[in-house]
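Residue strings, one per chain:
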Amino acid sequence: MRRRGPVIVVLLLVLAACAASPPAGELRVSGAFGAVPTVVFPSGGPAGQARSGLVSEGYGRPVAAGETAIVHFTAHTWDELGARVADSSFRRGVPAVFPLGELLPGLEAALLGRRVGSRVTALIPAAEAAAVTSAGATPTAGSTGSTEGAEDDDATLRPGPELFYVIDILGVHGPGETVIGAPGGRLGGVTVAPGTPPELSIPAAPAPGFATAVLGRGSGPRVEAGQLVVTHYSGAVWRDGRPFESTWTRSRPKAVTIGVGNVIAGWDRALLGVPVGSRVLVIVPPALGYGAAGLPAQGVRGDDTLVFVMDVLAAY
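Residues numbered from 1 in each chain as written. Predicted model: local features only at pLDDT ≥ 70, side-chain atom pairs only at ≥ 80, totals over all residues. Heavy atoms only, no water.

Caption draft 1: The arrangement of the overall build of the protein chain in detail. A tally of helices and strands in the protein chain yields five helices and 18 strands. Among the 316 residues that make up the protein chain, the fraction classed as buried is 48%. Summed over all atoms, the accessible surface of the protein chain reaches about 13,600 Å², with 54% contributed by carbon and sulfur. (Helix = DSSP H or I, 4+ residues; strand = E, 2+ residues; numbered from the N terminus. Buried < 20%, exposed > 50% of the residue type's maximum accessible area, 1.4 Å probe, protein only. Areas by Shrake-Rupley, 256 points an atom, 1.4 Å probe, with all protein chains shown as cover.)

Caption draft 2: Structural view of the packing of aromatic side chains. Inspection of the entire model under this criterion finds nine aromatic pairs. By the ring-pair criterion, three or more aromatic residues cluster together here, those being Tyr233, Phe244, Trp267 and Phe308. A cation over an aromatic ring shows up here: Arg269 above the ring of Phe210, its NZ or CZ 5.6 Å from the ring centre. (Phe/Tyr/Trp six-rings, centres within 6.5 Å; stacked < 30°, edge-to-face > 60°. Lys NZ or Arg CZ within 6 Å of the ring centre and 35° of its normal.)

Caption draft 3: Inspection of the side chain of Thr68 at higher detail. Among the secondary structure elements, Thr68 is positioned in strand β5 (residues 68-79). Among the polar contacts listed, one links the side chain of Thr68 to the side chain of Arg252, at a separation of 3.2 Å. Each residue touching Thr68, except ones within four places of it in the same chain, is listed here: Val97, Phe98, Pro99, Gly171, Val172, His173, Arg252 and Pro253. (Polar contact = N/O pair within 3.5 Å; in protein donor to acceptor, adjacent residues only side chain to side chain. Contact = heavy atoms within 4.5 Å.)

Caption draft 4: Quick peek at the environment of Val190. Position of Val190 relative to the elements: it lies in strand β11 (residues 190-193). On a C-alpha basis, the gap between Val190 and Ala204 in space is 10.0 Å, while along the polypeptide they are 14 residues apart.

Caption draft 5: Representation of unusual backbone geometry within the structure. With an omega of -5°, the peptide bond between Thr196 and Pro197 qualifies as cis. Mapped onto the elements, Pro197 comes out in the loop between β11 and β12 (199-201). For Ala182, which is not a glycine, the phi torsion comes out positive at approximately 40°. Examined against the element boundaries, Ala182 turns out to sit in the loop between β9 (162-173) and β10 (185-187). The phi dihedral of Ser251 falls on the positive side, at around 60°, and the residue is not glycine. Counting through the fold element by element, Ser251 comes out in the loop between α4 (247-250) and β16 (254-257).

Quick look at the structure:
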């Protein structure tokens, strides 16, 4: 992707390129897209600052309502006492998932219509930021999020500060996104009909052990441990063939970190090394699935073998 070079944005006035330092009261963001940004905050707090801004523009497609953006970001608390890092996906080393339609309004406004490859800013007013609890600078309204990777223990949110985000838009994924060809195939007696969403047919026979097959091989890079993998998938219970989960039904792909124990072991085994753009069929026995506890909320028993068909849309 072609990109413009590092840009400095001034959220009150546009400075001449030769200016040595910003006038008092201005806020600056600098640094290359994809790298930890440098933010210079003025004294006196955020009064009068712009609510959103474009630091540098990318060349990808625009972010649309209802889509899922994959981003790197930093979030600062900011008031008259100064600014501190509250959360940063850069520091954690794994991108974050920003689901449009579930974000704080200020983040929605900052992202909608911006192109993939852009660096944008969002200043969240104190009243809106109050939806984010002291557990961390989550982008999702009404939830607690995580402070893992925060710069220091005192950087969690307290009543009163505004939030200032710098966001790099790495990619965006839509509700009906699929791999090229949306192929079908067979594995261990299971049949997958081609199409989107794919239909699973499970035989009335004893379940085999773990098995996986790439039904359609993509041309992208291979999935590596520690990457954030974006996938659409459907899951069914072998016992009765009943579907129990589908991202296509929810109209929202799911992004998970692979190879580090954050998902069931069957997914880690099936997806590591698979090229992006592939459709994968996997049979997961209980020991590599949800174990003896099962997943009662979705009708999965502790002895259930599961079947998943997954479209590997991207890896970051």
